[in-house]
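Spelled out from the first residue to the last, the chains are:
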Amino acid sequence: MTIVLTPSLQEFIQDHLVDRQHTDSLKWDALAERFGDPSLLPLWVADMEFKTPLAVRQALIQQVEHGVFGYSLVPDQYINTFIAWQQKRHQVTLQADWLRFDQGVVNSLYAMVNWLTKLNDQVLIMTPVYYPFINSIKDNHRQVVSVDLIAGDNGWQIDFDRFEAVLSQGQIKLFILCSPHNPVGRIWTATELEQILALCHRYHVPVVADEIHQDFEIGSQKFTSVLTIANGRYQNEVVVLNAPSKTFNLASLLNSHVIIPNPEWRQQYDTFIKTIHQTENSLLGQIAGQAAYEFGGPWLDQLLQVIRYNYQTLTNTLADHCPEIQVSTLEGTYLSYLNLAPLIAADHIQDFVQRQCGLAVDYGRWFSPRTPTYIRLNLATDPAIVATAAEHLATQLALLR
Ligand SMILES: Cc1ncc(COP(=O)(O)O)c(C=O)c1O
């Protein structure tokens, strides 16, 4: 189905698009430091050029005008709106006492590794994967064990034989799942998730599921939480991490969730987490999150259309000029993973992307040494930026033939 920039979508873009240059934005203002060239067009960091919903900004303004930012409580209303969002959008039924707060999902990844494993233990991930997964294991002096996802004709697939072979050796103490999966863009099906959870159950391996991208359903595949698999049969063996930050562009407000249905695990987590930090909730993060969950649905629906439109621009432009380039099917996330291998060797990717195309991207080698010819492009941005990036890539790639 062709996605059209309807007048209402154009209005959404016009109302929400902002110039982030010179605003201390990591994506826009760290180009010289990170890429050695301040003039690159940035499509790297996973945040957006769109203002958060008006209701969120208004709620924040009200608190700013109140003028006090002292220690705060999490009101029941926050918890209720979050629970209602999970129920309505994802048919996940949460209980309020399962919920804990943290200041970012990456923070929680580090905490999970520390809590659930010991020094030198083996922690399993599926690569390529969002690189803080790898860092959270290495920085805590645990061993990374990775099972490679397989890029085939039907898109990225889990190598279940290898997954089970690794688990069956009995050394894995934790599996960290990325669902939906950054960077390959898969929304795992209920069948795949059940297979994962059944294997982890069989080999007594706890699962931490990072579901931060849950709200980005780009194609027809719907997101399923590990909490709902097999009518909740595995709830006591999983911890879910999520946040309103990716969905509503709130990353720097540092408000995220740790969901632990298992009461014994919860008790252990509460005891453990005190030893690393006494987390206070982020007042502004929680005010923003509450307004977003309460009023942000229509905004999100428009945003998803913009991402779909941008994905269409990218795939069409590449298909027209260089059909041999493989763009991973984008089911979830707003991040497109492209393999430039048919036209360019791994050693030349960085030079080609930066010098010839003028782009700043996430490189495939950051996510796995096995995907050095891939690049990841952020599509949650101005359609004009995506059109320019796609055009530069397509025309420069075509010249390589
Ligand atoms: C899979 C995944 N987890 C976590 C994060 C970051 O979460 P936070 O900003 O809450 O630390 C990202 C950001 O791109 C992500 O893609």
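All values reported here derive from a predicted model rather than from experimental measurement.

The rules behind the values
Residues numbered from 1 in each chain as written. Predicted model: local features only at pLDDT ≥ 70, side-chain atom pairs only at ≥ 80, totals over all residues. Heavy atoms only, no water. Helix = DSSP H or I, 4+ residues; strand = E, 2+ residues; numbered from the N terminus. Contact = heavy atoms within 4.5 Å. Expected span 1.5 Å × (residues − 1). Polar contact = N/O pair within 3.5 Å; in protein donor to acceptor, adjacent residues only side chain to side chain. Salt bridge = Lys/Arg side-chain N within 4 Å of Asp/Glu carboxyl O. Near = heavy atom within 4 Å. Areas by Shrake-Rupley, 256 points an atom, 1.4 Å probe, with all protein chains shown as cover. Pairing = 2+ DSSP bridges. Axes fitted to C-alpha atoms, helices over the stretch in contact; angles between N-to-C directions.

J.: Even after reading the chapter, I still don't get the environment of Glu280, so can you show me in this structure?
T.: Within the element layout of this structure, Glu280 appears in the loop between α11 (263–273) and α12 (283–295). C-alpha of Glu280 to C-alpha of Leu9: the two residues are 271 residues apart in sequence and 38 Å apart in space. Excluding residues within four positions of it along the chain, Glu280 makes contact with Tyr71 and Gln103.

J.: Got a minute to help me understand helix α16 (residues 383–399) in this structure?
T.: With 17 residues, α16 extends 24 Å between its outermost C-alpha atoms, agreeing within 8% with the 24 Å of an ideal straight helix rising 1.5 Å per residue. Two to three positions downstream of the cap, the backbone nitrogen of Ala384 sits 3.0 Å from a side-chain oxygen, assigning the N-cap of α16 to Asp382.

J.: Is there a simple way to think about the pattern of salt bridges in this case?
T.: Close approach of charged atoms lets side chains of opposite charge pair. Within this structure, the stated rule accounts for 16 salt bridges. A salt bridge links Asp301 to Arg89, with the nearest nitrogen and oxygen atoms 3.0 Å apart. Residue Asp301 is located in helix α13 (residues 297–321), and its partner Arg89 is located in helix α5 (residues 76–90); the two are separated by 212 residues in the primary sequence. One salt bridge connects Glu331 with Arg186, and the closest N-O pair in it is separated by 2.8 Å. With Glu331 in the loop between β11 (326–327) and β12 (335–339) and Arg186 in the loop between β7 (172–178) and α9 (190–202), this pair connects stretches of sequence that are 145 residues apart.

J.: I would appreciate a short explanation of the site of the ligand in the present structure.
T.: Every residue lining the ligand is accounted for by Ala46, Gly104, Val105, Val106, Tyr130, Cys178, Asn182, Asp210, Ile212, His213 and Lys246. Val105 has a polar backbone atom sitting 2.7 Å from an oxygen atom of the ligand. The contact in question runs from an oxygen atom of the ligand to an N or O atom on the side chain of His213, over 2.7 Å. Coverage of the ligand by the protein amounts to 89% of the 400 Å² it exposes when considered alone.

J.: What is the right way to read the sheet that holds β7 from this model?
T.: The strands making up a sheet associate through hydrogen bonds between their backbones, and the pairing can be parallel or antiparallel. The strand order β2-β10-β9-β8-β7-β3-β4 describes an open sheet built from seven strands, whose pairing is mixed. At either margin of the open sheet sits one strand with a lone partner, and together these are β2 (99–102) and β4 (143–148). Looking at each pair of strands side by side, their axes are set apart by 25 degrees on average, direction ignored. Here β7 pairs with strand β8 (residues 207–210) via four bridges, running parallel. From the neighbouring strand, Cys178 faces β8, where its bridge partner is Asp210. The strands that helix α6 (residues 105–116) touches are β2, β7, β8, β9 (238–242) and β10 (256–259); relative to β9, the one it contacts most, it runs at about 160 degrees. Across the sheet, helix α8 (residues 160–168) is in contact with β3 (122–127), β4 and β7; its angle to β4 comes to roughly 155 degrees.

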